[in-house]
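# Fold and geometry: a report
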Amino acid sequence: MIPAIRSKSKHVWLCSFSTISETKKTSSSKPHSRARSEVHSKTLSTEKANSSLFNEIIEILGSENLKLDRIRPGNFISKEPIGGIADEDVVYGQRIQGVRQNADEKLTAEVGTDTVSSSTKRDAQMEISCRNDVSPVVQKIAEIVRAENIGISMEKCLDDGDLEIDPDIVDKVLKRCFKVPGRAMRFFNWVKLRSGSCFSTEVYNTMLYIAGEAKEFGLVENLMKEMEERKCLKNVKTWTIVLMQYGKAKLIGKTLLMFDKMNAAGCEPDAGAYRVMIRLLSASGKGEIALHLYNEMAQKDLGGLELDIKTYKLLLNCLAVAGDIDGVYSVADGMINSSHIPESEVYSFVLKSFCISKRIQNAFELIHHLQSKKDFTFNPEYFETLVKGLCKADRINDAVEILGIMKKRGVVDEKVYGTIISGHLRKKEISKALALFHNMKESGLLPATSTYTELMHYHFNLNEYEKGSAMFEEMVDSGIELDSVAFMPIIAAHVRRNRVSLAWKVFETMEERGIRATQKSYSVFIKELCKISMTEEVFKVLNKMQKSKVNMGDEIYHLVTCYLERIGEIVKAEEVKEMHRLCRFRFHPLEAEEASNSLDVSLEETHNTVIHEPKLPQKDFEDEDLLLHKVCLCLSSSKDWHAMEADLLEFEVGYTPSIVMEIMRKCGSQHGSAVLHFFSWVGRQPGYRHTSETYNSAIKIAGLGKDFKHMRSLFHEMKRNGCLITSDTWTIMIMLYGRVGLTDIALRNFTEMKKAAGPSGVKPTASTYKYLILSLCARKRRKVDVAIELFNEMMTVGLAPDKELVEIYLDCLCGSGKLVDARRCVQSLIGNSSKVGFTFTVPLCYSLLIRPLCRRGMVEEALALVDEVKEEEDQSALHRYVCGSLVHGLLQRGRSEEALAKVESLKQAGIRASAHVYTSLMVHFFKENQVERAIDIFRKMWEEEEDCHCRPTVVTCTALLCGLLNAGRNYFADAQNLFRRMRIKGPLPDFKAYSTFITMLCSSGKSEYALQLLSEMLDDGIVPSNVNFRTVFFGLNREGKQHLARVVMQQKQALIRKRKF
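### Brief notes about the overall build of the protein
Counting secondary structure elements, the protein contains 55 helices and 3 strands. Sorting the 1061 residues of the protein into buried and exposed places 51% on the buried side. Within the protein, counting contacts between residues at least 6 apart in sequence, those at least 24 apart form 68% of the total. In the structure as shown, the protein presents an accessible area of about 50,400 Å², 51% of it carried by carbon and sulfur atoms.

Structural data, given as structure tokens:
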């Protein structure tokens, strides 16, 4: 018989685990052939070996501390109500009341409550929906609601349509429009004003779902109140939708409150509601309440205990982490008796839950008990699980000892070796990992692909290119099955070494082997190419993605557009945005019928389907993502540091430098104070030591918050702790001093860096020179002569400048009247074009000089430079590069006829007008007070969709905003609408766009609206500057709104406190 477990929560004896089912006994008793008998006898001998092996393991690893009295024999679960449950209900009510008060403050878990059903069921429901929802009235109304008619309101179109409305039509229209929640709400309000009788429970359910998906929880509460006022029945589906939406948003307190209200309203929760709650509470770490609901669900016999496997595992893990061992065994009992999951599989889950929670002693107790069962057989998976658990608990020496025992018994495999090697690498014990790797090969075992991949990663991260390449060759020669993950480290390493052609060769080899590159593979490839500024190669990879029908995804889109905008390639950034838009249409088509069907299915599934986790690749025992999310939520909260520290102590996070780096990356921009306190706190934790990379990140966060005293303190602390001062460390400090105009200090640091180089080899890199020269070229404390000296020094030592540096440097020289030095720079770049790293062609070099000349009004000099280029191919390329700049320069000088003639001649030459040309014309017409002509140009740019080169950029939209505000009050509403459109549909406003708009608003007497923009900037992840705050402050004072001006200063001080240590 199996162990019985005494339940802590109910104080009653629950059940004993069942033995192997009779069907298995029957099947095992059938006669076999001789071959199958041999296999069976071999299996029995292996099982005996496994059992005796576990015996030896437990004897060695602490058998004297096993507490087997907690596992006792008992009875099966009774279907009758269990005594004492009424008292527990009172306790539960009190518990919920307590949780409700605090849960909203402790949103510490990432909850995945997305509902997914089987494809067969979904297809059937979609077919039914398509047959029923074919009303022409529904189609007509849905088209009006989704349309964006400029000048005609949606409500007016609906009024003019003379349409019949009933609850069924309203429900179906809302389901077709759930992807445009704002317009769906407007339609809902229009129906309310026209006919209040058109609302049914189904209509409200659909609207609740739409509001929840849009994270409009204020609207959700209003809709629930409306249902009460209209005496509209709230059914189980209504409550389940609300529970699911609050759960997805991680509002644990609200979810518990709604569940309580559901019971108080007399609406009996069904199996679907219980499943939503159990999953939410388990993922939130509230195992005690989750277990109570699980037992309550069992007593009510609501669909049995047939949770899906992943929910069971989530509940087991939650209970194990909380230390509720009796609860773990109680759930395991239900899995065996009610869900009929095989006993060996259930115990495997239990063992994993103990190992995940680092409860190795409980894992040994379980193994010891299972070993005493005569009819229980150990699977090889148990060994691997135990070894993984030991490695996770940092008991790698114990894991190695188990490996030695398994080797003697001859039952070791490559998975166990791979787990221990991974553990050594995680602790930075490279020599031990490699020794074990060679020992594994000597034993005749073939390392797994993942083991090779991890070792390759480690070699490449240590800049051991040759060793990593040799490891890859060995892996390929071994003949093991490879995947895309195994190829990416070598591809990334080739790119870092500027061996892009070799990287492409490996990539093509991967495809020839039939291995399809994933979105993640492309992301790694593109990220490395962006680091070395290989723009053409980046587009080559993007085109490859399109041909292979791999979705670009938001991560790659943001990565590439940020890179292109940083180097000034605005036109190419717009091309990428267009590619991303097309990808979204290809991979996420929003056809009306499909949208309606998917919503129908989602609403139906919220209360009668099993909830599954998304099928994403996950590493065993790695719940670091959830813990990392908890830490980030804690650091982003409004609590003081002492309260944050108390919360951090509750999280059982095994901090590593990579995890600390990720936390600082996610929270550092706006929560610098909390992150720097966290950095100091985590450095004092036992077993953790900061690296050069973590110190560099902390120095950067302190500098971005202008806390230079603490930044310098971190630098000295880094020296005291023996961390290597790298060139990146110096570069970060030089950049941070330079960006705020402290150029003298930046130069002193540069001199100190060169003196400290010595034999250690820490020399200025291309990035060091770049950021120092950029700061010297800035308007604030400009030092042109020093910048020229440093640029020449950079070229002399063979470091290649990038396009951004050259562009700003030449603009500075032209602005200072040093045209001779500017021409000398261009000739130097052309002369060095054959060297490695120098990618400047003749047309590109000339265009970089022509642009600042036109910007400064030196059009004649610019035209003379154009004529200097004689090669026809180079001349054609140069005209494409500088057409916008030439038109802008001519218009600036008042030579509009020549500018228009230039545009026409370019068209005849087959060169299409770029966004730069159109923007220049638009600015010109605004200056001439021809507002309508300027707006017509903007409309024309949007109409020419086939040419993404002339789509409006951020610069175009900013110019239009300034023009509309300067044109008078009649155009203020248009400017507001344009800015709102930019935030929703793009191009997204950047810091310069926000700053320009704020300045224009304050000068136009609209400072109160500018105050709102400061909050929107923070919401978009952009930190307002001191100048932004000062502009709004002075503007509000001029308008006599001193109380709002004080609010601005309070916001500024609050932001400073959040960013400084």
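### Re the packing of aromatic side chains
Evaluation of the coordinates by the stated rule reveals 25 aromatic pairs. Between phenylalanine 507 and tyrosine 522, the ring centres sit 5.6 Å apart and the planes meet at 55°, which makes this aromatic pair tilted. With phenylalanine 507 in helix α26 (residues 500–512) and tyrosine 522 in helix α27 (residues 519–531), this residue pair connects regions lying 15 residues apart in the sequence. For tyrosine 522, a relative accessible area of 1% translates into the label buried. Ring centres of phenylalanine 750 and tyrosine 769 lie 5.4 Å apart, and the angle between their planes is 70°; on these two criteria the pair is classed as edge-to-face. Of this pair, phenylalanine 750 sits in helix α39 (residues 743–757) while tyrosine 769 sits in helix α40 (residues 766–777); the two residues are 19 residues apart in sequence, bridging distant segments of the chain. We note that phenylalanine 750, like tyrosine 769, is buried. A network of ring pairs unites the aromatic residues Trp504, Phe507, Tyr522 and Phe525 as a single cluster. The residue whose ring lies beneath lysine 540 is tryptophan 504, and the NZ or CZ to ring-centre distance is 4.5 Å.

### A short note on the packing of helix α36 (residues 692–704) against helix α37 (residues 708–720)
Where α36 contacts α37, the two axes come as close as 8 Å, and the packing angle between them is 165°. It follows that α36 is roughly antiparallel to α37 by the angle criterion. Seen from above, α36 lies across α37 with left-handed handedness. Touching Ser692, Tyr695, Asn696, Ala698, Ile699, Ala702 and Gly703 of α36 are Phe708, His710, Met711, Leu714, Phe715, Glu717 and Met718, all from α37.

### Observations regarding the nonpolar core
Formed by 160 residues in total, the largest nonpolar core has its most connected members in Phe187, Phe525 and Leu542. If you look at the next biggest cluster of nonpolar residues, it comprises 90 residues, including Phe708, Tyr737, Cys812 and Val866.

### Some points on the confidence of the model for the protein
Of all residues in the protein, 79% attain a pLDDT of 70 or more, and the chain-wide mean is 75. In the predicted structure, residues 1–48 sits below a pLDDT of 50 and forms 85 contacts with residues beyond four places in sequence or in another chain.

### Notes on helix α55 (residues 1042–1059)
When the terminal C-alpha atoms of α55 are compared, their 26 Å separation across 18 residues agrees well with the 26 Å that a helix rising 1.5 Å per residue should span. Here α55 has its buried residues at Leu1044, Ala1045, Val1048, Lys1052, Leu1055 and Arg1059. Taken end-on, α55 shows its buried residues confined to a sector of 110°, consistent with a single buried face. Facing away from the buried side of α55 by over 90 degrees, the exposed positions are Arg1046, Gln1050 and Arg1057. Contact partners of the buried residues in α55: α35 (672–682), α36, α53 (1007–1019) and α54 (1026–1038).

### Concerning the pattern of salt bridges
Counted by the stated rule, this structure contains 30 salt bridges. Within the structure, one salt-bridge network assembled from shared partners comprises Arg496, Glu528 and Lys531.

### Details of the packing of helix α28 (residues 535–547) against helix α29 (residues 553–566)
In the contact formed by α28 and α29, the axes pass within 12 Å of each other and the chain directions differ by 155°. One element, α28, and the other, α29, form an angle in the roughly antiparallel class. Between α28 and α29 the crossing geometry is left-handed. Two secondary-structure elements touch here, α28 through Thr535, Val538, Phe539, Leu542 and Met545 and α29 through Ile556, Val560, Tyr563 and Leu564. In terms of residue class, the contact of α28 with α29 is made up of 8 nonpolar, 1 polar and no charged.

### A look at the side chain of serine 727
Structurally, serine 727 is set in helix α38 (residues 727–739). The class for serine 727 is buried, based on a relative accessible area of 17%. Once residues lying within four places of it in the same chain are set aside, the contact partners of serine 727 are Met753, Val762, Lys763, Thr765 and Thr768.

### Considerations on helix α16 (residues 325–337)
For α16, built from 13 residues, the straight-helix expectation of 18 Å at 1.5 Å per residue is met to within 8% by its first-to-last C-alpha distance of 19 Å. Burial analysis of α16 places 12 of its 13 residues in the buried class, the great majority of the element.

### Considerations on the environment of glutamate 1008
Among the structural elements, glutamate 1008 can be located in helix α53. By relative accessible area, glutamate 1008 is classed as partly exposed at 39%. When the C-alpha atoms of glutamate 1008 and leucine 1036 are compared, they prove to be 6.9 Å apart, with 28 residues separating the residues in sequence. Among residues more than four places away in sequence, those in contact with glutamate 1008 are Leu1036, Glu1039, Lys1041 and Leu1044.

### A closer look at the side chain of threonine 731
Along the chain, the position of threonine 731 falls in helix α38. Sequence-distant contacts of threonine 731, defined by excluding residues within four places in its chain, comprise Thr765, Ser767, Thr768 and Tyr771.

### Observations regarding the environment of leucine 482
Along the chain, leucine 482 falls in the loop between α24 (465–478) and α25 (484–496). Under the relative-accessibility criterion, leucine 482 is labelled buried at 9%. On a C-alpha basis, the gap between leucine 482 and serine 450 in space is 9.2 Å, while along the polypeptide they are 32 residues apart. Not counting residues within four places of it along the chain, the set of residues in contact with leucine 482 comprises Thr449, Met475, Val476, Phe487, Arg513 and Ile515.

### Here we look at the environment of isoleucine 659
The topology assignment puts isoleucine 659 in helix α34 (residues 657–667). In this structure isoleucine 659 comes out as buried when scored by relative accessible area, which is 14%.

### With respect to unusual backbone geometry
One non-glycine residue, lysine 428, lies in the positive phi region at around 65°. Mapping lysine 428 onto the fold places it in the loop between α21 (414–426) and α22 (430–442). The backbone of lysine 706 sits at a positive phi, close to 60°, despite the residue not being glycine. With respect to the helices, strands and loops of the structure, lysine 706 is situated in the loop between α36 and α37. For lysine 706, a relative accessible area of 39% translates into the label partly exposed.

Reading guide: rules and limits
- All residue numbers refer to positions counted from 1 along the written sequence of the respective chain.
- Reporting in this predicted model follows two pLDDT cut-offs: at least 70 for local features of residues, and 80 or more for side-chain atom pairs to be given and counted; totals over whole chains, interfaces and linings ignore these cut-offs and use all residues.
- Excluding hydrogens and water, the side-chain values take into account all heavy atoms of the structure.
- Secondary structure follows DSSP: runs of H or I at least 4 residues long count as helices, runs of E at least 2 residues long count as strands, and numbering of each begins at the N terminus.
- A 1.4 Å probe rolled over the protein chains alone gives each residue an accessible area, and that area as a share of the maximum for its type sets the label: buried under 20%, exposed over 50%, partly exposed in between.
- The contact definition used throughout considers only heavy atoms, calling two residues in contact when any of these lie within 4.5 Å.
- Throughout, the Shrake-Rupley method with a 1.4 Å probe supplies accessible areas, and for residues the shown protein chains are the sole cover considered.
- Stacked, tilted and edge-to-face pairs are distinguished by plane angle, under 30 degrees for stacked and over 60 for edge-to-face with tilted covering the rest, among Phe, Tyr and Trp rings (Trp via its six-membered ring) whose centres lie within 6.5 Å.
- Here, a charge over a ring means that NZ of Lys or CZ of Arg falls within 6 Å of the ring centre while also lying within 35 degrees of the ring normal.
- Note on method: axes are straight lines fitted to C-alpha atoms, helices fitted across the in-contact stretch only, with angles between N-to-C directions ranging 0 to 180 degrees.
- When an angle is under 35 degrees it counts as roughly parallel; over 145 it counts as roughly antiparallel; between 65 and 115 it counts as roughly perpendicular; any other value is oblique.
- By definition, any crossing whose near helix is turned counterclockwise from its far helix by less than a right angle is left-handed, and any crossing with a clockwise turn is right-handed.
- We call a set of buried residues a nonpolar core when its members are Ala, Val, Leu, Ile, Met, Phe, Trp, Tyr or Cys and they connect through side-chain atoms within 4.5 Å of each other.
- Per-residue confidence from the prediction method is given by pLDDT, with values spanning 0 to 100.
- Helix span, as expected, comes to 1.5 Å for every residue beyond the first.
- Directions drawn from the helix axis to the C-beta atoms are what define this arc.
- Note on definitions: salt bridges are taken to be side-chain nitrogens of Lys or Arg within 4 Å of carboxyl oxygens of Asp or Glu.
- All amino acids are sorted into three groups, where Ala, Val, Leu, Ile, Met, Phe, Trp, Tyr, Cys and Pro are nonpolar, Asp, Glu, Lys and Arg are charged, and the leftover types, Gly among them, are polar.

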